[in-house]
Amino acid sequence: MNHHPAHAMYDQFENTLSSITLQLRSAIEADAGLSARGYGKTAPDGAAPQRSPGWTRQVSAEIGSVLLDELGLAATIEWHVRQFQKCTGIPCELTVTAMAGIDLSANCADTIFGIYSEAMSNVARHAGASRVAIALRIDWREVSLVVRDNGIGLGEDASPSIRGGIAGMQARARIHRGFCQIAGAQGGGTTVTASLPIERT
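Please read all numbers here as calculations on a predicted model, not as lab measurements.

Q: I'd like a description of the overall build of the chain, backed by residues and values.
A: Summing up its helical and strand segments, the chain has 6 helices and 5 strands in all. Going from N to C terminus, the chain has its helices and strands arranged as α-α-α-α-β-α-β-β-α-β-β. Each of the 201 residues in the chain was classed as buried or not, and the buried ones make up 46%. Contacts spanning at least 24 positions in sequence make up 69% of the contacts within the chain whose residues lie at least 6 apart.

Q: Which residues make up the side chain of Thr 190, and what are the values?
A: Within the secondary structure, Thr 190 sits in strand 5 (residues 190-197). For Thr 190, a relative accessible area of 12% corresponds to the buried category. Once residues within four sequence positions are removed from consideration, Thr 190 is found in contact with Val 147, Arg 148, Asp 149, Gly 153, Leu 154, Ile 182, Ala 183 and Gly 184.

Q: Tell me about the nonpolar core, residues and numbers included.
A: Counting residues in each nonpolar core, the largest one holds 49 residues, and the members touching the most others are Leu 73, Tyr 116, Ile 134, Leu 136, Val 143 and Val 147. Here this core gets 11 residues from one element, more than from any other, and that element is helix 5 (residues 106-127).

Criteria and cut-off values
- Residues numbered from 1 in each chain as written.
- Predicted model: local features only at pLDDT ≥ 70, side-chain atom pairs only at ≥ 80, totals over all residues.
- Heavy atoms only, no water.
- Helix = DSSP H or I, 4+ residues; strand = E, 2+ residues; numbered from the N terminus.
- Buried < 20%, exposed > 50% of the residue type's maximum accessible area, 1.4 Å probe, protein only.
- Contact = heavy atoms within 4.5 Å.
- Core = buried A, V, L, I, M, F, W, Y, C linked by side-chain atoms within 4.5 Å.

Structure follows, in structure tokens:
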């Protein structure tokens, strides 16, 4: 994973925000546990507690509200990737390309982070992936995100929770005049691509 220049700030935030860090790790572990056990089954002793996907989205929203203003979008995503790798053991390659001097609006940063966190939740819950590649690019025209995994891909029998998550990502992007596309085939992995225009003031 390529390291963001703000890397030194993460340990400080992990110390001061230990509660939200633990909540995030619990959410990721619950997602991974749901993938292994399936919905509606009782978790064995010692397994990650079973939570609804909506609970994970709530935790991610709380993280965004706390960290995005302080760290910015790129550093918040790198922090999340670090926790995701620790909890799931899935290697993640993060590439960030950001032009200097660009201030993202709160709505833009929150929307991209929401799409990112939904995509990563789907990786933990459904994909069965052994690696993930994330690319974030910020320039004067747009902010774009690509999350690509090598998992089982999307089939015609995708669960309602997956379809609901996809619809939610696409709706969030449209609200801000952007787009979100999900491409994948069974056995071929899944790629989530999102782009939002930079809001000029």
